[in-house]
Amino acid sequence: MALEFDFVVVGAGSAGCAAAWALAEANIGTVAVLEAGPSDAHPFVKVPFALIWLMNSRRDWRRKTVPMQSAGGRQIKVPRGRMLGGSGSINSMVWFRGRRADFDAWEMPGWSGAEVWETFEAVEARLTPATHPDPHALSRDFARALGSNGAAPPRPDFESAGVFESNMRGGRRWSAADAYLRPAQTTGRVEVLTGAQVDRVAFEEGQARSVHLADGRVVRARAGIVLSAGAIESPAILMRSGIGQGAHLQDLGVEVQHDLPGVGQNLHDHPAVGVHHAGPRGGYGLSWRQLPAWGLSPVNWLLRRKGRLTSNVVEAGAFFRVSEGDGPPECQVHFIPAKLGWQGRATTWGEGYYADVCLCRPLSRGALRLVSSDPRAGPAIDLGLFREESDLDMLARGFRRLRHLMAEAPFSERLPEMYPGAALGDDLEALKAQVRASAGTAYHPVGTCAMGEVVDAGLKVAGLQGLWVADASVMPKITSANTNAPSMMIGHLGGERIAAAHRP
Ligand SMILES: Cc1cc2nc3c(=O)[nH]c(=O)nc-3n(C[C@H](O)[C@H](O)[C@H](O)COP(=O)(O)OP(=O)(O)OC[C@H]3O[C@@H](n4cnc5c(N)ncnc54)[C@H](O)[C@@H]3O)c2cc1C
């Protein structure tokens, strides 16, 4: 027997939790939230520092790109949260709205900076972002780079450094599942199903009527279906449902419901490249000196919600320019006071610190395609990094400036650069080669169901009834900083607008 609700929200991530809350608040019927992954009830999710063990776990979709010619033929990791809270349950919780001008640049009615700012206020009333009360001394040092006084978080609007704001509460992660989904469940109108991976949407006379799960179950929707499965899965679900580029779908044997070539296109992310420093007296790391502190840290967290386990790892950062002129910064820096990610491993013996620089507004675009109509097969992801030569040039300049910044920041304990190492020097061509050979991303994919191409300003899928997309995939252009807060804003405002459109 099919389950039946008024609305079905697919994906309980940052945006999906907010959208489900908005639909429940509007009191226009019952809402099912279908989440492929498990619950978020795990200490690694709640304890901020433990996020380093969530990547590559069963709570990560563990996607990777196809070999990308423009990035030296490499395949790059595309981690995505797979549980209640979505990527917001494995992320570093760095909190940024972006610049108002980022939203103006979308050129979509109802989504200008002035219009979305009010919704951000509402999102922040629930997520309560704040700077960490006790960051690592190295983060406090870094926060005084670029002439900043270290007292305020950095801003994407002008050159600045600082300790980041993050969405923690009382020393633990406070995700959209905490701030939106669980309060929505108390209305009695929201039912959450975990372990419910959606294969496709089915239609009756152009109206989205049900979702089919990978395990064969069917969930019916009387009023409509909201896809919030994120920038990788929402377009994949649309394609498996017959919505996308007709010829591509036919090749895979998928019956075309609606030829919509924009689905899966316009994929982009913040490309990033990093520098490792290592040596004694560095940041959080594994060393004889730090063993007593690590030993005490679980007790400190459990009893006092204090200490190193409350670190969100990516504690501080900066924004700076690399070209002439007085426009907004083109680059963002993330600073990690720990020896982390060395040779791809979460933890290694030794101490150090790390920083990377990413492009705030890359121009390169990639695309996502299905390899099979089977929902268990992940899509082919091509982030298209550095297809535009100007991105490579600008990130190489950003990398040059980052390495100078690391040499000049007022660290009380300065460590030598371990990778790529001083021998690399300042030559732009050599730096470009290093970027091509080692860059990844900030894990912020967006744009694959872009407003204006795939969905309209009300987030409704073009040409179909009762089907919307509300998540990071609808951003026509990426915002200038981290994308979690904008994704929640999209879920919150999108959910309110879907509910308003549904009211008689
Ligand atoms: C490791 C990492 C670190 C990050 N750090 C930061 C940071 O510090 N600050 C920041 O602002 N941003 C950060 N981000 C990015 C940010 O978390 C995302 O931009 C944001 O969570 C996107 O929200 P979303 O709702 O679009 O997708 P998601 O939050 O990814 O939610 C999608 C949900 O849909 C579910 N789903 C997918 N497919 C299906 C299906 N077929 N059926 C049912 N359910 C499905 C997923 O399991 C997931 O729960 C980070 C991301 C990662 C991965």
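Residues numbered from 1 in each chain as written. Predicted model: local features only at pLDDT ≥ 70, side-chain atom pairs only at ≥ 80, totals over all residues. Heavy atoms only, no water.

### Regarding the nonpolar core
Soluble, globular proteins show a tendency: their nonpolar side chains are buried together. As a reminder, the rule being used: What is meant by a nonpolar core is a set of buried Ala, Val, Leu, Ile, Met, Phe, Trp, Tyr and Cys residues, joined one to another through side-chain atoms within 4.5 Å. Note on classification: 1.4 Å probe, protein chains only; a residue is buried when its accessible area is under 20% of the maximum for its type, exposed when over 50%, partly exposed between these limits. Annotation comment: domain bounds sourced from an automatic or database domain assignment. Contact between two residues is taken to exist if any of their heavy atoms lie within 4.5 Å; hydrogens are not considered.
Core analysis: the biggest nonpolar cluster contains 128 residues, and Trp111 and Leu467 have the highest contact counts within it. Both domain 1 (1-64 + 75-129 + 170-270 + 443-504) and domain 2 (132-166 + 271-359 + 386-438) contribute no fewer than three residues apiece to this core. Residues in contact with Trp111, not counting those within four places in the same chain, are Phe103, Trp106, Val116, Met451, Ala457, Leu459, Met489, Ile490, Leu493, Gly494 and Arg497. Counting residues in each nonpolar core, the second largest holds 27 residues, with Val47, Leu51, Val94 and Phe96 among its members.

### Examining the site of the ligand
We count it as follows: Think of it this way: one heavy atom of a residue within 4 Å of a molecule or strand is enough to make that residue near it. Under the rule applied, a polar contact is a pair of N or O atoms within 3.5 Å (in protein, one hydrogen donor and one hydrogen acceptor; residues adjacent in sequence only if both atoms are side-chain atoms). Residue-level accessible areas treat just the shown protein chains as cover; the underlying method is Shrake-Rupley with a 1.4 Å probe. In DSSP terms, a helix is any run of H or I states spanning at least four residues, a strand is any run of E spanning at least two, and both are numbered starting from the N terminus.
The environment of the ligand is made up of 39 residues, and the closest members are Glu35, Ser87, Val94, Thr483 and Asn484. Gly81 is positioned such that a nitrogen or oxygen atom in its backbone is 3.4 Å from an oxygen atom of the ligand. Protein contact buries 98% of the 1000 Å² of open area that the ligand shows by itself. Those elements that provide at least two residues to the shell around the ligand are helix H1 (14-25), helix H7 (230-240) and helix H12 (484-502).

### Looking at the packing of aromatic side chains
Stated formally: Here is the rule: rings of Phe, Tyr and Trp (six-membered ring for Trp) pair when centre to centre is within 6.5 Å. Planes less than 30 degrees apart are stacked, more than 60 are edge-to-face, and the remainder are tilted.
On inspection of all chains with the given rule, the structure shows 19 aromatic pairs. Their ring planes at 65 degrees and their centres at 5.1 Å tell us that Phe103 and Trp106 sit as a pair that is edge-to-face. Trp106 carries the same exposure label as Phe103, and that label is buried. Measuring from centroid to centroid gives 6.2 Å for Phe103 and Trp117, while their planes differ by 70 degrees, and the two rings are edge-to-face. Of this pair, Phe103 sits in helix H3 (residues 100-104) while Trp117 sits in helix H4 (residues 113-127), and the two are 14 residues apart along the sequence. Judged on exposure class, the residue Phe103 and its partner Trp117 are both buried.

### Let's talk about the domain arrangement of the protein chain
Filter applied, for reference: The term salt bridge refers to a pairing of a side-chain nitrogen on Lys or Arg with a carboxyl oxygen on Asp or Glu at a separation within 4 Å. Charged means Asp, Glu, Lys or Arg here, nonpolar means Ala, Val, Leu, Ile, Met, Phe, Trp, Tyr, Cys or Pro, and polar covers whatever is left, Gly included.
On domain assignment, one finds that the protein chain holds domain 1 (1-64 + 75-129 + 170-270 + 443-504) and domain 2 (132-166 + 271-359 + 386-438). Between the C-alpha centres of domain 1 and domain 2 the distance comes to 30 Å. Contact residues are listed per partner, giving 25 residues for domain 1 and 29 residues for domain 2. At the boundary of domain 1 with domain 2, the tally comes to zero salt bridges. Residue composition of the side of domain 1 that touches domain 2, by class: twelve nonpolar, eight polar and five charged.

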